[in-house]
Amino acid sequence: MVERCPRCRYTFEREEGFFLGAYVINLAITQLALGVFIAGGIIATLPDPPALQLTLIGITVAVGVPLVAYPFSKTLWTAIDMVMHPEFRRTQTDGEP
Ligand SMILES: [Zn+2]
């Protein structure tokens, strides 16, 4: 990810730990996906759910979803931050190259 927006010069990571919010969003997305998969997998295969297959696919979901969703989580967190702190957007574009 670039340090600043090439168009408006908005600094994406203003301080250490700034993307902790993106981590939390990513964790929520992963937990939601895993919960939907586990519940859906069990309901779809009742009355005899295949525990080993569901576990293996569940591990794949638990590892794959956060890898795919992390860039989108960062974008979403940046958008939330820009809505919560519009002053950073304005001040950073004034007088900077
Ligand atoms: Zn921009």
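Here we summarise the structure given alongside this text. Please read these numbers as outputs of a predicted model, since none were measured by experiment.

To continue, consider the overall build of the chain. Each helix and strand in the chain was counted, giving three helices and zero strands. If you list the helices and strands of the chain from N to C, you get α-α-α. A compact globule built from 97 residues should have a C-alpha radius of gyration of about 13 Å, whereas the chain, at 19 Å, is more than 25% larger. Taken over the C-alpha atoms alone, the chain extends approximately 65 × 20 × 20 Å along its principal axes.

Another aspect to go through is the environment of Thr55. With respect to the helices and strands, Thr55 occurs in helix 2 (residues 51–84). Once the C-alpha coordinates of Thr55 and Ile38 are considered, the two residues, 17 residues apart in sequence, prove to be 8.6 Å apart.

Attention shifts here to unusual backbone geometry. The omega torsion across Leu46 and Pro47 is 10 degrees, close enough to zero to call that bond cis. Assignment of secondary structure puts Pro47 in the loop between helix 1 (20–44) and helix 2. Despite not being glycine, Arg9 shows a phi value in the positive range, around 65 degrees. Counting through the fold element by element, Arg9 comes out in the segment before helix 1. Since 14 C-beta atoms lie within 10 Å of it, Arg9 is described here as partly exposed.

Direction vectors running N to C along helix 1 and helix 2 enclose 145 degrees, while the axes themselves pass 7 Å from each other. Along this stretch, helix 1 crosses helix 2, giving a crossing that reads as right-handed. Here the contact of helix 1 with helix 2 is composed, by residue class, of 17 nonpolar, six polar and one charged.

Conventions used here
- Residues numbered from 1 in each chain as written.
- Predicted model: local features only at pLDDT ≥ 70, side-chain atom pairs only at ≥ 80, totals over all residues.
- Helix = DSSP H or I, 4+ residues; strand = E, 2+ residues; numbered from the N terminus.
- Rg over C-alpha atoms; globule rule 2.2 N^0.38 Å.
- Buried ≥ 20, exposed ≤ 12 C-beta atoms within 10 Å, placed from the backbone.
- Axes fitted to C-alpha atoms, helices over the stretch in contact; angles between N-to-C directions.
- Left-handed = near helix turned anticlockwise from the far one by under 90°.
- Nonpolar A, V, L, I, M, F, W, Y, C, P; charged D, E, K, R; others polar.

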